[in-house]
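Structural description and commentary
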Amino acid sequence: MTECDLGPFPDANGFSEAVTLDEADPLSGFRERYHVADPDLIYLDGNSLGRLPRAVLPRLQALVVDEWGDGLIRSWNERWWNLQVAIGDRLAPLIGASPGEVLISDSTSVNLYKLAMAALGITESRRRIVTDDANFPTDLYVLRGVAEAMGGSLDVVATKGSGSPMADLEAVLDESSALLSLSSTEFKSGYTHDIGEMTALAHRVGTPVLWDLSHSAGVMPVELDASGADMAVGCTYKYLNGGPGAPAFLYVRQDLQESLASPIPGWWGHAEPFAFDLDYRPADGIRKFHTGTMPILSLVAMEAGISDVTEAGIDRIRAKSVSLTKFFIRQWEEHLAPLGFSLASPLDPERRGSHVSLSHSEAWPIDRALIEIGMVIPDFRAPDNLRFGLAPLYNTHLEVHTAVQRIRSIVTTGAHARFAGEKLTVT
Ligand SMILES: *Cc1c(COP(=O)(O)O)cnc(C)c1O
């Protein structure tokens, strides 16, 4: 199927606008660095699992054969031991952090646990953790677990759809709040917080803030140091293209590192792991938040994605992301709103991340039909949400245009009706 099959060609419906925008795109050269097996398949799920950078395969080949195969245990000293700190330092500028403030470690969920526990370790009588109901479920589960373990409580503020989460959160933050933890960009709506303003709001009542940057890192500028943020965690397998299950990152502001203690004091966070001391002594700085042996294959696989984002430049990436989401929204208004799709993401590009959510009463069968016969991969978030992740390093305006035309064809012909069956495990 090509765009020619699906409507007037070549000019109506924003086709020529898409072509013009792509021609002027300074990042267009990056797409060929990614593995694209079938150019007709439009992948709009880079906010869940980024595409494979082609540089990964030769790098992994060398790692497996030369470093693991030939080097054996010698490679720990020669290559591997410091990688998670070195890669953390390379990631740091992308989130407005300084060297020594970012560590690659564990998963986002585990890092959230470690930092939330550490934060409650120094808040004395404060025991109330505050979050909101637009946060990612794993964050809610982890924060509730931390609150319970520390004899506290979790306050889940209803902000969803309110359009003014600042005011909702301000109303509940007070001197009893031990920690505020939020997703910088919400996984469903794509609403993106002003990290500086929200952090300042919490600091006014002495509450530290723990940000989850999973849907922001690698796709928009984040200024952790400049905004006074305290702690942060995030994924590397979304817009950073680190690969399925790639290790996550954590950030602790320099001047906080001394006072926080890791709740999982593993040997990799010890000052001298190979002293095999029976007593735990934390390493200096960010290293104390290590737990155990890192998955080196996954760690090495994530390097290419981080260097692409660095080379492309986070400001240029953001500019293209805004252009893609704006174009998508204009196309939605013209072609999809009349078919029962409503916009579930902010209209204001300042407050929008890099995915656009549409809700529709038949979102699930439409999602299945798009994947099975439309050659478009979005994702589905229950109960009625279709998410379209726009990844500036490899998505184009023309893909957005074509995807909208395919959605329109499926819904106007009713082709999705036969996909109303069973849910899959991963949606
Ligand atoms: C994707 C995502 C996660 C995933 O956490 P894992 O531990 O990697 O499974 C967590 N939080 C947010 C906000 C996310 O978007």
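Now for a description of the structure that goes with this document. (Residues numbered from 1 in each chain as written. Predicted model: local features only at pLDDT ≥ 70, side-chain atom pairs only at ≥ 80, totals over all residues. Heavy atoms only, no water.)

**Structural notes on the packing of helix H13 (residues 314-336) against helix H15 (residues 397-413)**
Running from N to C, H13 and H15 point in directions that differ by 25 degrees, and their axes come no closer than 10 Å. Judged on the interaxial angle alone, H15 and H13 are roughly parallel. Considering only the axes of H13 and H15, their crossing is right-handed. Each of Ser323, Leu324, Phe327, Phe328, Gln331, His335 and Leu336 in H13 lies in contact with H15, whose residues at this interface are His397, Val400, His401, Val404, Gln405, Ile407 and Arg408. Of the residues that constitute the contact of H13 with H15, the class distribution is 7 nonpolar, 6 polar and 1 charged. (Axes fitted to C-alpha atoms, helices over the stretch in contact; angles between N-to-C directions. Helix = DSSP H or I, 4+ residues; strand = E, 2+ residues; numbered from the N terminus. Parallel < 35°, antiparallel > 145°, perpendicular 65-115°, else oblique. Left-handed = near helix turned anticlockwise from the far one by under 90°. Contact = heavy atoms within 4.5 Å. Nonpolar A, V, L, I, M, F, W, Y, C, P; charged D, E, K, R; others polar.)

**A few points about the site of the ligand**
In the vicinity of the ligand, 13 residues are found, and the nearest of them are Ser109, Asp212, His215, Tyr237 and Lys238. Side-chain polar atom of Tyr237 to an oxygen atom of the ligand: 2.7 Å apart, as the coordinates give it. A distance of 2.6 Å separates an oxygen atom of the ligand from a polar atom in the side chain of Lys238. Relative to its free-state accessible area of 390 Å², the ligand is covered by the protein chains to the extent of 85%. Secondary-structure elements contributing two or more residues to the shell around the ligand are helix H5 (108-120) and helix H6 (137-149). Of the residues that constitute the shell around the ligand, the class distribution is 3 nonpolar, 7 polar and 3 charged. (Near = heavy atom within 4 Å. Polar contact = N/O pair within 3.5 Å; in protein donor to acceptor, adjacent residues only side chain to side chain. Areas by Shrake-Rupley, 256 points an atom, 1.4 Å probe, with all protein chains shown as cover.)

**Let's talk about a negative patch on the surface**
A contiguous patch of negative charge, built from Asp194, Glu197, Asp348 and Glu350, is present on the exposed surface. Note on placement: Asp348 falls in the loop between strand S9 (342-343) and strand S10 (355-359). We classify Asp348 as partly exposed; its relative accessible area is 39%. (Patch = residues over 30% accessible without salt bridge, like charges linked within 9 Å, V, L, I, M, F, W, Y side chains within 5 Å. Salt bridge = Lys/Arg side-chain N within 4 Å of Asp/Glu carboxyl O. Lys, Arg positive; Asp, Glu negative; His and termini not counted. Charge placed at Lys NZ, Arg CZ, Asp CG, Glu CD. Buried < 20%, exposed > 50% of the residue type's maximum accessible area, 1.4 Å probe, protein only.)

**A look at the packing of helix H14 (residues 363-372) against H15**
The geometry of a pair of packed helices is captured by two quantities: the angle between their axes and the separation between those axes. At a minimum axis separation of 10 Å, H14 and H15 run at an interaxial angle of 120 degrees. The angle between H14 and H15 falls in the class oblique. Two packed elements cross with a definite hand, and for H14 against H15 that hand is right-handed. The segment H14 lies against H15, with Ile366, Ala369 and Leu370 engaging Arg406, Ile407, Ile410 and Val411. Broken down by class, the residue content of the contact of H14 with H15 amounts to 6 nonpolar, no polar and 1 charged.

**Section: the pattern of salt bridges**
Applying the stated criterion across every chain, the model contains 20 salt bridges. We note a salt bridge from Lys114 to Asp106, for which the minimum N-O separation is 2.6 Å. The buried category is assigned to Lys114, whose relative accessible area is 0%. With a relative accessible area of 27%, Asp106 lands in the partly exposed category. In this structure, Asp379 engages Arg387 in a salt bridge whose closest nitrogen and oxygen atoms are separated by 2.7 Å. Overall, Arg387 belongs to the buried group, its relative accessible area being 1%. Each of Arg33, Asp308 and Glu311 takes part in a single network of salt bridges with overlapping partners.

None of the figures reported here should be taken as evidence of function without further support.
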